[in-house]
Amino acid sequence: MTVSVSFATEPPERATFHQLLLDYYNVMIPMNPPEIAALISADKNADEFWTEIHEYMPPHGRLALAHDNNGVLLGGGMMRTMRPDAVEFKRLFVRPQGRGLGLGRLLVQARIDAARAMGMKHVFADTLRGTVAMQSLYKAFGFREIDRYPESRTAISLPALQPELRYFQLDL
């Protein structure tokens, strides 16, 4: 299977990308302790993305999309500017049929390259404690684990989740 990663220049087709968001949340939510998972709704979070989409589109951010050679959406990842010299990576996800193809690496590298092209000096990310593969991937790209950064969208929007989060920084 041939895969490609590209950046959206306008909001993606809603039905297809919305389903990817639901797939992402339906994997991530159960990774939380039950009392926290009960507070999070896949539908609500996926819907909320569309109210924030401008943050992930040029010139403020980027939305990387991974497709197979038939145009099937296999995964994605986004980033948003959080201060003049820094971006925050959000929602990296690869569907099961795209796993094992190096898409996670491609999506991280594409966003790092885009952050550099935007003139950013730092990339920040948060991820759940249980996402060992994601943490390993960040470390493989040179991210270091840090204390919470103040602009962490996840920590701000769901304070109960803070003990479950790990925070990372890459200096470009």
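Note that the structure is a prediction, hence the values are computed from the model and not measured.

What counts and how
- Residues numbered from 1 in each chain as written.
- Predicted model: local features only at pLDDT ≥ 70, side-chain atom pairs only at ≥ 80, totals over all residues.
- Heavy atoms only, no water.
- Pairing = 2+ DSSP bridges.
- Helix = DSSP H or I, 4+ residues; strand = E, 2+ residues; numbered from the N terminus.
- Axes fitted to C-alpha atoms, helices over the stretch in contact; angles between N-to-C directions.
- Salt bridge = Lys/Arg side-chain N within 4 Å of Asp/Glu carboxyl O.
- Parallel < 35°, antiparallel > 145°, perpendicular 65-115°, else oblique.
- Left-handed = near helix turned anticlockwise from the far one by under 90°.
- Contact = heavy atoms within 4.5 Å.
- Nonpolar A, V, L, I, M, F, W, Y, C, P; charged D, E, K, R; others polar.
- Core = buried A, V, L, I, M, F, W, Y, C linked by side-chain atoms within 4.5 Å.
- Buried < 20%, exposed > 50% of the residue type's maximum accessible area, 1.4 Å probe, protein only.
- pLDDT = per-residue confidence, 0-100.
- Polar contact = N/O pair within 3.5 Å; in protein donor to acceptor, adjacent residues only side chain to side chain.

## Digging into the sheet that holds strand β7 (residues 165–171)
Within a sheet, adjacent strands bond to each other through the backbone by hydrogen bonds, running parallel or antiparallel.
Then comes step 1: Read from one edge of the open sheet, 7 strands run β1-β2-β3-β4-β5-β7-β6, paired in mixed fashion. Each of the sheet's edge strands pairs with one partner strand only, and the pair in question is β1 (3–7) and β6 (144–146). When the angles between neighbouring strand axes are averaged without regard to direction, this sheet yields 25°.
Then comes step 2: Sheet analysis places strand β5 (residues 122–128) next to β7, joined by 7 bridges and oriented antiparallel. Counted as the bridge partner of A125 is F168 from β7.

## Overview of the pattern of salt bridges
Then comes step 1: All told, the structure shown has 11 salt bridges when counted by the stated rule.
Then comes step 2: Residue R83 is joined to E151 by a salt bridge in which the shortest nitrogen-to-oxygen separation is 2.9 Å. Placement of the pair is R83 in strand β3 (residues 73–83) and E151 in the loop between β6 and α6 (153–157), with a sequence separation of 68 residues.
Then comes step 3: Linked by salt bridges that have partners in common, E52, E55, R91 and R153 make up one network.

## Some remarks on the packing of helix α1 (residues 14–28) against helix α3 (residues 42–52)
In a packed pair of helices, the relevant descriptors are the angle between the two axes and the axis-to-axis distance.
Then comes step 1: Contact geometry of α1 with α3 gives a least axis separation of 9 Å together with a crossing angle of 135°. Viewed along their axes, α1 and α3 adopt a mutual orientation that is oblique. Here α1 and α3 pass one another in a crossing that is right-handed. Here R14, F17, H18, L21, L22, Y25 and N26 of α1 lie close against α3, whose contacting residues are A42, D43, N45, A46, D47, F49 and W50.
Then comes step 2: The class makeup of the residues in the contact of α1 with α3 is 8 nonpolar, 3 polar and 3 charged.

## Describing the nonpolar core
Then comes step 1: By size, the foremost hydrophobic cluster in this structure holds 35 residues, and its most contacted members are F17, L21, F49, L63 and M78.
Then comes step 2: Broken down by secondary-structure element, the contributors of at least two residues to this core are α1, α2 (34–37), α3, β2 (61–68), β3, β4 (86–94), β5 and β7.
Then comes step 3: Ranked by residue count, the leading element in this core is α1, at 7 residues.
Then comes step 4: When neighbours within four sequence positions are excluded, M78 is seen to be in contact with F17, L21, F49, Y56, R62, L63, E88, F89, K90, R91 and R111.

## Re the confidence of the model for the chain
Then comes step 1: On average, residues of the chain score 95 in pLDDT, and 100% of them reach the 70 mark or higher.
Then comes step 2: Taken element by element, the predicted model of the chain shows its lowest mean pLDDT in α2 (90) and its highest in β6 (98).

## With respect to the side chain of R91
Then comes step 1: Structurally, R91 is set in strand β4.
Then comes step 2: On the basis of relative accessibility, which here comes to 13%, the residue R91 falls in the buried class.
Then comes step 3: Within the local environment of R91, its side chain forms a polar contact with the side chain of Y25, the two groups lying 2.7 Å apart.
Then comes step 4: Contacts of R91, omitting those with residues within four sequence positions, involve L21, Y24, Y25, F49, E52, Y56, G76, G77 and M78.

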